[in-house]
Each structure stands twice: as structure tokens, then as C-alpha cells.
Amino acid sequence: MAKRGHRPSQGIGNRPRFWGRHAVIAALANPERMVRKVWGTREALASLDLPPVIPVTYADVADLGRLVPADAPHQGLVAEVDPLEEVWLGDLLDQGRDDTRPLVVLDQVTDPHNVGAILRSAAAFDALGIVTQDRHAPPESGTVARSASGALESVPWVRVVNLARALDEIGEAGFWRIGLTGHAPQTLAQAMGQQRVAIILGAEGEGMRHNTEAHCDELARLPISGKVESLNVSNAAAIALYAVVARG
């Protein structure tokens, strides 16, 4: 699996804390992830085959609740982990030159729940990876990991400093860059053809920035009814990824 870089998050120092069965079990199963410590109830830990090198602390539900944000659904498991190592855009694009898997590019999508849900959809539809800006995306965190339901461990996540430059590189690698926006005259089905596709989605509420739109090959919309103004960005990503993989 490709590697990612160290990012600050909740926990001790730069170490995020993950919670919930899917997030914790996926982290334990990822050979690229260093799990530093696990807390859990006796019932939750009984079902895990933990390596003896990982420190384990038995805790009750109330104690676990104090290790994570208020009302976080920890399901009796919390883990402290090291962030994954860097994934470089060039390496990801080279890795995917011989397949047609879609790529997802997020323009300043900052909500960790949305990014986690997009990672989950990217895993479900076998996307090549996701690309975000370094400073305008959430760090690895328990919220992202929980929302991703294990996909944080399997979907390469590239962080770039300059999104416009990254889109140029993505285009040069042979991707047809389609920006999703409600004001586009054509639908996604009309825009994508049979090329390798990169789907670009804008921030919650604001949408794509003008400079990002300028670095797309096409702009397209999802054919939603007039009963709603727009879709949540994670819902739009899931629908777009399905459309790409299901095209005839």
C-alpha cells in the first residue's frame, strides 16, 4: 500500500486516537500503520487477536468516553496510532497508469465527516485515491477514521500544496478532469466519455473555486431534481463514482 505523511491530530503529540470497531480493526490490520496503544472493554478486546507488543489497557465505557470527543461512538475500543506516511501524487499517478480507476480531487473540503465518507465511497468503488490541499483539509483523526469505516487504511490520500498545479499533473497523466458544479450545462454522463476520469468536488457550501474550475477539462452536474438546491459533497462523490464505474 502507498504511504502517507505525518499530520497533527487529536491524541498525544501528533498521534490520532481512533475509535469504533471498524476504524480500530482496520488500523490493526494495516501493516503501514503503527498502533501505539489500545484501550477497550473486556468484551470488545476478547474478540481481537492483538500482537503482544501493543500495550493494552482494560477500561469501562465511561473511561473510554473520556479518551474521545463527547458522544463519540467508540463501541468499546480506542486506539492511539501514528499518522501514516506521505503519498506523493507522482507515485500515485504512476501506479495507476495501466488502469481506469477514477481519482477524486477535493477543493477545500474541510469537514472530517465528509472526507471520511468520501474515503469510504472511494474504497467502495475502487478509486485510485483522493487528493486534497494540505492546508484546507482535515488531518487524520478519529472522526475521519470513524466516518471512513476502515477506508482510511486502504485508500491512498495525497495532500498537495497547490491544487491547480496538481490538477495540471493529473491532466498530464491522462485523466479527463471533470469538475462537478450545479451551474454546468451538461450532466456527468454527457461529459465523461470513456477516458480515465478525475472527479473534482468543491467545498461544502461554496463549491469549487474559480481557479479550480479553470483547471478542469469539463464542468458537469448531477441530474438532480429542482426539489433540492444541491447534494452534500459526500453524497455527490458517491453518486459520481458510481456513474464512472457503471458507464457502459
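The present account deals with the structure reproduced in this document. All values derive from a computational prediction rather than experimental measurement. (Residues numbered from 1 in each chain as written. Predicted model: local features only at pLDDT ≥ 70, side-chain atom pairs only at ≥ 80, totals over all residues. Heavy atoms only, no water.)

## A few points about the layout of surface pockets
Stated formally: Cavities and pockets were defined on a 1 Å grid built over protein atoms only: a cavity is a set of grid points that admits a 1.4 Å probe from which the probe cannot escape, a pocket is an open set flanked by protein on both sides within 12 Å along at least five of seven lines, and lining residues are those with an atom within 4 Å of any such point. Grid points are joined across faces, edges and corners, and a volume is the space filled by probe spheres set on the points. Residues are grouped as follows: nonpolar covers Ala, Val, Leu, Ile, Met, Phe, Trp, Tyr, Cys and Pro; charged covers Asp, Glu, Lys and Arg; every other residue, Gly included, is treated as polar. In this text, helices come from DSSP runs of H or I with a minimum length of four residues, and strands from runs of E with a minimum of two, each type numbered from the N-terminal end.
The computed volume of the largest pocket comes to approximately 610 Å³. In terms of lining residues, the largest pocket is bounded by 24 residues, among which Leu 180, Thr 181, Gly 182, Ser 230 and Leu 231 are the most central. Of the residues belonging to the lining of the largest pocket, the class tally is 10 nonpolar, 9 polar and 5 charged. Roughly 170 Å³ of internal volume is contained in the second largest pocket. Here the element with the most residues in the lining of the second largest pocket is helix 1 (residues 21-29); it accounts for 3 residues. Taken together, the residues that form the lining of the second largest pocket break down as 9 nonpolar, no polar and 2 charged.

## Re a nonpolar patch on the surface
In plain terms, the rule: Patch construction takes residues with relative accessible area above 30% that form no salt bridge. Like charges are linked within 9 Å, and nonpolar side chains (Val, Leu, Ile, Met, Phe, Trp, Tyr) are linked within 5 Å. Surface accessibility in these figures is a Shrake-Rupley result with a 1.4 Å probe; residues are shielded only by whichever protein chains are displayed. Counted as salt bridges are all cases of a side-chain nitrogen of Lys or Arg within 4 Å of a carboxyl oxygen of Asp or Glu. For each residue, the accessible area found with a 1.4 Å probe, counting protein chains only, is set against the maximum for its type, and the residue is called buried under 20%, exposed over 50%, and partly exposed in between.
Where nonpolar side chains cluster on the molecular surface, the patch consists of Ile 224, Val 228, Leu 231 and Ile 239 and spans about 290 Å² of accessible area. Topologically, Leu 231 is positioned in the loop between strand 10 (218-220) and helix 10 (233-246). Residue Leu 231 is classed as partly exposed on the basis of its relative accessible area of 31%.

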